[in-house]
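Commentary on secondary and tertiary structure
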Amino acid sequence: MLTCRSVWRKLPPLARASSTLCRVGVRRAVLNNGGPVRVPAANMSTGPSGGGREKQLYVALVGAATLAGGVYAYRTVKGDQRRYQERIDDISSRPLKLSGKQTDEPLNLSEPSATEATETPVEATETEPVAEPEPEAAPAPEEPTPPAPEAEAAASTETTEPVPVETPAVDATPALPEVPSHAPYLLIGGGTASFAAARSIRARDPGAKVLIVTEESEFPYMRPPLSKELWFSDDSSVTETLRFKQWNGKERSIYFQPPSFYIQAEELASAENGGVAVLSGRKVVHMDVRGNKVKLDDDTEISYDKCLIATGGVPRNLQAIERAGEEVMKRTTLFRKIDDFKSLDKVSREAKSIAIIGGGFLGSELACALGRKSSEFGLEVMQMFPEKGNMGKVLPEYLSNWTTEKVKKEGVQVIAEALVKSVTFKDDRLEIKLRDGRLVQTDHIVAAVGLEPNVDLAKSAGLEVDSDFGGFRVNAELQARSNIWVAGDAACFYDIRLGRRRVEHHDHAVVSGRLAGENMTGANKPYWHQSMFWSDLGPDVGYEAIGIVDSSLPTVGVFAKATAKDTPRAATEESGTGIRSESETEETAVSPVASSTPAPALVQQRDNYGKGVIFYLRDKVVVGIILWNVFNRMPVARKIIKDGEEHADLNEVAKLFNIHED
Amino acid sequence: MSYCRQEGKDRIIFVTKEDHEAPSNAELIADDPNDPYEEQGLILPSGDINWNCPCLGGMASGPCGSQFKEAFSCFHYSTDEVKGSECIDNFRNMQECMQKYPELYPQEEDKESTTQAESDSVAASAAQTEGSALSPETDATPSTSDPSPDSASPTDSHTAS
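Parameters at a glance
Residues numbered from 1 in each chain as written. Chains lettered and ligands numbered in written order. Predicted model: local features only at pLDDT ≥ 70, side-chain atom pairs only at ≥ 80, totals over all residues. Heavy atoms only, no water. Helix = DSSP H or I, 4+ residues; strand = E, 2+ residues; numbered from the N terminus. Buried < 20%, exposed > 50% of the residue type's maximum accessible area, 1.4 Å probe, protein only. Contact = heavy atoms within 4.5 Å. Areas by Shrake-Rupley, 256 points an atom, 1.4 Å probe, with all protein chains shown as cover. Pairing = 2+ DSSP bridges. Axes fitted to C-alpha atoms, helices over the stretch in contact; angles between N-to-C directions. Disulfide = S-S within 2.5 Å. Patch = residues over 30% accessible without salt bridge, like charges linked within 9 Å, V, L, I, M, F, W, Y side chains within 5 Å. Salt bridge = Lys/Arg side-chain N within 4 Å of Asp/Glu carboxyl O. Buried area = accessible area lost by both parts, 1.4 Å probe. Nonpolar A, V, L, I, M, F, W, Y, C, P; charged D, E, K, R; others polar.

Right, let's talk about the overall build of chain B for a bit. The number of helices and strands found in chain B is four helices and two strands. Burial statistics for chain B: of 161 residues in total, 49% are counted as buried. Taking all contacts inside chain B whose residues are at least 6 apart in sequence as the whole, residues at least 24 apart take part in 52%. Within the structure as shown, chain B displays about 7,700 Å² of accessible surface, and the carbon and sulfur contribution to it stands at 50%.

Structure follows, in structure tokens:
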């Protein structure tokens, strides 16, 4: 159809006339079922009254156009029909998997009382400590919760074990009582945001009962050390203990709390003062918003009063690697969890060469961490990415280049402007072919190319997914629907000051988790306290940032000359903490350790970006700030962004940071 | 002297210490201490305790959270001459609870003595002792005027939760 149009345009004097003709003709053709098209000569000012040949040309053109249009329309409709049919087939094949279990339900529903009677004596014979709260747990949940969903939930929990229910033997599985049928506060996902919310809820609602359901088999832990501190640990058993020593000698585990902090899931309902229970190794597969309940992958249902979705995300992979087959996938790490850290640590000791694909935070941090080990283990570490320099999407070009040089000094072979075209497994090695023809050989690949937010529940829950940023779309108070909030990496929220965004940083998970917890307990507060993030690339380069830090924005950088005292190491020593966001809440040590040389060594080079402040502007308003090797000034930065003012001279604003002092 | 450069859309300024000596003339908007959106410190404008203050770590949310809240509230609202003298039972309950979770609440000497000092109420001023009672390590000035920057401090081994 379009080609026809372009042909018409080449006949300018006739174009308008013939196009109207065509439309009229097509309409006529459709109405008359393809009858002959007549030219209504009376309507035209430039009527083709003369020249039968022109008339023939018209008819030919119009006829061709009609035909082409008809063919196109036919093909589109058929294609759509085909796709629709495929989708219907796909959907209809799914209920078949569930119908097997569902048929059991009506059978068991008829005899709930009988089975319950047989349940209690069975449980009494169990010697586990679970036995005691059990008889309590059965009548107890019925009190606080309305009986209707209770009976439903009770019946459905029984359906998961149809065998033991029918044959009430002593081996009635402990799995049955483990999952509480109701949780006043249900948190889906067991990461940073979820834990922060749990803490917030418990602080504000006395005796709150919080249930965290997580796919992982771990208690909630923090991610930053997995790509930073854990790699710098001198302890050889670090992969087991997951403890890291900070610069000042203080040790900490990556787990937010030891296991004794949490209560058992089955004790949740009966706990006098409530508590936080973690149900690990379970996945929430279906969410019924109308009925206020979720279904797990083992078909148990849990009803809730308030629910938080903090499902985070899954690392993205490159298509080139996914297409490359199993041998390549086996030698590829998508880094996110504790298990990934453990396996990469093992690989770093055994392999001769590792290639990291991705030049952002995670890729650069891992590259630097592995680079430091490169001399120790005789390991070749390469990092490749499409941008011109490390952190190319975050830092302005001059700073990105400077950072890349620092990364190289950490022992990393940086391959910039590299687009991976294909990966093959050849001669027991991986061969990466780049778009420009270069070949890179390596033993193992770490792909750090972004995170795909986990919105699996959006479909069953009927929640909106954002098309620009990904993730669940929530309002400024992190609410998706009446009793449902979303926090952390998976939340695309409205920031009153900076607009709609989705943030994938640790402190944001903490801030948004806390806020969600507050709002779940009735606070009704919008996202206002701006979260920050930080990164260390080797011992000499560290920065803290806040707000929108996008290298495509115009920036103004104000730099001073760096002294030996301005390093991340000095900052952590002074504040006594490895997690930079904490240094704001914990009081900084009164006497700074100051192990660095007392006499500052001034660097004479003019373009040495030792320390400074970089402002990111959007319509002349500062929307993002990076504190470059300048620490413990985040509150000032936060204030500037919160004000949202247009400042005429950013050098004056930079003065507020006292960049020349420690 | 400061030196300025433009690289495309990015501007770079190098400044010496002298350049930044004069006080800044950049204007910042005055903060409203009662802004409901802001993060609050330990004591809310109403005088109540902000149990969700990051400075408390996880004290109010852990297994001994309710005992802690009772003890601390009692102390906070106590109007006795010797502040908190009627709260000894609450503090004892709290200590008993904490002893059940040694992993979470490490029984350190100075910590115990600090709690003792609380219940004995030899306090210089309410605000100061409120800060020190919580945990020696994670201290934060419980001022309400500056919004205490937030982050759920992932507790280190010394911090009670």
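Turning next to the pairing of strand E7 (residues 293–296) of chain A. Residues and elements named next belong to chain A. Taking every second residue as pointing to the same face, both faces of E7 are buried, with Lys293 and Lys295 on one and Val294 and Leu296 on the other. One ladder, built from four bridges, connects strand E6 (residues 284–288) with E7; its direction is antiparallel. Within E7, the position partnered with His286 by the bridge is Lys295. Counted between consecutive antiparallel strands, the loop separating E6 from E7 contains four residues, among which Asn292 sits at a positive phi close to 55 degrees. In this sheet, strand E8 (residues 301–309) lies alongside E7 in antiparallel orientation, the contact comprising three bridges. Bridge pairing in E8 links Lys293 to Ser303. Between E7 and E8, which pair antiparallel one after the other, the connecting turn spans four residues, and Asp299 there sits at a positive phi close to 75 degrees.

All names here are of chain A. If you trace the three strands from one edge of the open sheet to the other, you get E14-E15-E16, paired in antiparallel fashion. Of all strands in the sheet, those bounded by a partner on one side alone are strand E14 (420–426) and strand E16 (439–442). The mean angle between the axes of side-by-side strands here comes to 20 degrees, regardless of whether they run parallel or antiparallel. With six bridges connecting them, E14 and strand E15 (residues 429–434) associate as antiparallel partners. Across the sheet, the residue bridging to Thr424 is Glu431, located in E15.

Quick look at the sheet that holds strand E12 (residues 380–384) of chain A now. Residues and elements named next belong to chain A. Here five strands make up an open sheet; going across it, the order is E10-E17-E11-E12-E13 and the pairing parallel. Edge strands, defined here as strands with exactly one partner in the open sheet, are strand E10 (332–334) and strand E13 (412–415). For this sheet the average axis-to-axis angle between neighbouring strands, irrespective of direction, equals 20 degrees. Sheet topology places strand E11 (residues 353–357) next to strand E17 (residues 444–447); four bridges connect them, and they run parallel. By the bridge assignment for E17, Ala355 is matched with Ile445. The strands that helix H18 (residues 397–409) touches are E12 and E13; relative to E13, the one it contacts most, it runs at about 140 degrees.

What follows covers the state of the cysteines. Joining two cysteines, a disulfide is a covalent bond between their sulfur atoms. Residue and element names in this part refer to chain B. With the rule as written, the count across this model stands at three disulfides over all chains. The residue that forms a disulfide with Cys53 is Cys55, at a sulfur-sulfur distance of 2.3 Å. Disulfide Cys53-Cys55: the torsion about the S-S bond is 130 degrees, which places it as right-handed. Neither Cys53 nor Cys55 differs from the other in exposure class; each is buried. Here Cys74 connects covalently by a disulfide to Cys87, the sulfurs 1.9 Å from one another. Between Cys74 and Cys87, the disulfide has an S-S torsion of -85 degrees and is therefore left-handed. Placement of Cys74 in helix H1 (residues 65–77) and of Cys87 in the loop between H1 and helix H2 (88–99) is noted, with a sequence separation of 13 residues between them. Here the two residues Cys74 and Cys87 agree in accessibility, since each one is buried.

This next bit is on a nonpolar patch on the surface. Judged by side-chain polarity, Tyr494 and Ile496 of chain A together with Tyr37 of chain B come together as a nonpolar surface patch covering roughly 260 Å² of accessible area. For Tyr37 of chain B, the location among the structural elements is in the loop between strand E2 (10–14) and H1.

Residues and elements named next belong to chain A. The phi dihedral of Asp428 is positive, around 65 degrees, even though this residue is not glycine. With respect to the secondary-structure elements, Asp428 resides in the loop between E14 and E15. Residue Asp428 is classed as exposed on the basis of its relative accessible area, which comes to 59%. A positive phi angle, near 55 degrees, is found at Asn524, a position not held by glycine. Mapped onto the elements of the fold, Asn524 is located in the loop between helix H20 (506–520) and strand E24 (532–536). Exposure remark for Asn524: the relative accessible area of 51% places this residue in the exposed category.

Interface size is often expressed as the accessible area that is lost when the parts come together. Residue-level contacts link 59 residues of chain B with 68 residues of chain A. Counting the surface lost from both chain B and chain A, the interface buries some 5,700 Å², and carbon and sulfur atoms represent 52% of this. Counting every contact that joins chain B to chain A gives four salt bridges. Residue Glu38 of chain B is joined to Lys642 of chain A by a salt bridge in which the shortest nitrogen-to-oxygen separation is 2.6 Å. Across the side of chain B that touches chain A, the residue classes tally to 22 nonpolar, 19 polar and 18 charged. Relative to E2 of chain B, strand E26 (residues 555–560) of chain A runs parallel, the two sharing four bridges. Paired with Val556 of chain A across the two strands is Arg11 of chain B, which belongs to E2 of chain B.

On to the pattern of salt bridges, then. All names here are of chain A. By the definition in use, this model includes 36 salt bridges over all chains. Two residues, Asp298 and Arg282, come together in a salt bridge whose shortest N-O distance is 3.1 Å. Taken together, the positions of Asp298 in the loop between E7 and E8 and Arg282 in the loop between strand E5 (275–279) and E6 put the pair 16 residues apart, joining distant regions of the chain. Since its relative accessible area comes to 29%, Asp298 is described here as partly exposed. You can call Arg282 buried: its relative accessible area is 13%. Its salt-bridge partner being Lys293, residue Glu301 comes within 4.0 Å of it at the nearest N-O pair. According to the relative accessible area criterion, Glu301 is buried, its value standing at 18%.

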